[in-house]
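The lines below spell out each chain.
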Amino acid sequence: QVQLVESGGGSVQAGGSLRLSCAAYSAYTYLTTYCMGWFRQAPGKEREGVAVIDSDGRTNYADSVKGRFTISQDNAKNTLYLQMNSLKPEDTAMYYCAATFMACGLRLVSRLFGYWGQGTQVTVSS
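What counts and how
- Residues numbered from 1 in each chain as written.
- Predicted model: local features only at pLDDT ≥ 70, side-chain atom pairs only at ≥ 80, totals over all residues.
- Heavy atoms only, no water.
- Helix = DSSP H or I, 4+ residues; strand = E, 2+ residues; numbered from the N terminus.
- Contact = heavy atoms within 4.5 Å.
- Phe/Tyr/Trp six-rings, centres within 6.5 Å; stacked < 30°, edge-to-face > 60°.
- Buried < 20%, exposed > 50% of the residue type's maximum accessible area, 1.4 Å probe, protein only.
- Lys NZ or Arg CZ within 6 Å of the ring centre and 35° of its normal.
- Pairing = 2+ DSSP bridges.
- Axes fitted to C-alpha atoms, helices over the stretch in contact; angles between N-to-C directions.
- Polar contact = N/O pair within 3.5 Å; in protein donor to acceptor, adjacent residues only side chain to side chain.
- Core = buried A, V, L, I, M, F, W, Y, C linked by side-chain atoms within 4.5 Å.

**Focus on the environment of Ser26**
Its place among the elements puts Ser26 in strand E3 (residues 18-26). Here the alpha-carbon distance between Ser26 and Tyr96, two residues 70 residues apart in the chain, equals 18 Å. For Ser26, the residues in contact, after removing those within four places along its chain, are Gln1, Val2 and Tyr34.

**Re the packing of aromatic side chains**
Applying the stated rule across the entire model yields 3 aromatic pairs. With a centroid separation of 5.5 Å and an interplanar angle of 90 degrees, the aromatic rings of Phe101 and Tyr115 are classed as edge-to-face. Separated by 14 residues along the polypeptide, Phe101 in the loop between strand E9 (93-100) and strand E10 (115-116) and Tyr115 in strand E10 bring together distant segments of the chain. With a relative accessible area of 37%, Phe101 lands in the partly exposed category. Following the ring pairs from residue to residue traces out a cluster consisting of Phe39, Phe113 and Trp116. For Arg47, the ring lying beneath its charged end belongs to Trp116, and the centroid distance is 4.4 Å.

**As for the pairing of strand E11 (residues 120-125)**
Residues in a regular strand project their side chains so that they alternate between the two faces of the sheet. What you see with E11 is a clean split: Thr120, Val122 and Val124 sit on the buried side and Gln121, Thr123 and Ser125 on the side with no burial. Two elements, strand E2 (residues 10-13) and E11, share 4 bridges in a ladder whose sense is parallel. Within E11, the residue paired with Ser11 across the bridge is Thr123. Two elements, E9 and E11, share 3 bridges in a ladder whose sense is antiparallel. Counted as the bridge partner of Tyr95 is Thr120 from E11.

**Quick word on the sheet that holds strand E7 (residues 69-74)**
Sheet architecture is open: 4 strands sit in the order E1-E3-E8-E7, paired in antiparallel fashion. Edge positions in the open sheet fall to strand E1 (2-7) and E7, since each of these has one partner strand only. The mean inter-strand angle of the sheet, taken between neighbouring strand axes irrespective of direction, is 15 degrees.

**A word on unusual backbone geometry**
In the Ramachandran plot, Asn78 falls in the positive-phi region, its phi being about 50 degrees despite a non-glycine side chain. Of note, Asn78 is situated in the loop between E7 and strand E8 (79-84). For Leu106, which is not glycine, the phi torsion reads 60 degrees and is therefore positive. With respect to the helices, strands and loops of the structure, Leu106 is situated in the loop between E9 and E10.

**Quick look at the side chain of Arg40**
Mapped onto the elements, Arg40 comes out in strand E4 (residues 35-41). Classification of Arg40 by relative accessible area gives buried; the value is 5%. Engagement of the side chain of Arg40 in a polar contact is seen with the side chain of Glu48, the distance being 2.7 Å. Among all residues touching Arg40, those that are not within four sequence positions of it are Glu46, Arg47, Glu48, Val50, Ser64, Val65, Phe69, Glu90, Asp91, Ala93, Met94 and Tyr95.

**Topic: the nonpolar core**
With 28 residues, the main nonpolar core has Trp38, Leu82 and Tyr95 as its most contacted residues. Taken together, the elements giving at least two residues each to this core come down to E1, E3, E4, strand E5 (48-53), E7, E8, E9 and E11. Sort the elements by how many residues they give to this core and E9 lands first, with 4 residues. Ignoring anything within four residues of it in the chain, the contact list for Leu82 reads Leu18, Arg19, Leu20, Trp38, Val50, Ala51, Phe69, Thr70, Ile71 and Tyr95. Core analysis: the second largest hydrophobic core is formed by 8 residues, Ala98, Cys104, Leu106 and Leu112 among them.

As structure tokens, this is what we get:
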């Protein structure tokens, strides 16, 4: 079993920054390989992939956030991060952390991820 808990969301003005965190909790005592990602969903819109990172540290980003967002992980702390800079009103959404035991191929596809956090709200005002 894996539990994911997001934090770091909030309200900021356009151009501001936020750092989201996702803490992973597992009963496994041995090292587990994960592919982890961030997804978001705005009111009235489909859920979309934001960024993904695999066990080798390779990353992929949605075109809409490329150059502004950075995904990273601290393996020692079992924590995933999303640094969000130059935020825009269109970034407003509920952000979800997701994980999978499978190799994700750096694809931002929701069905590849079997574990999800509860979400953290990000609101960007103009």
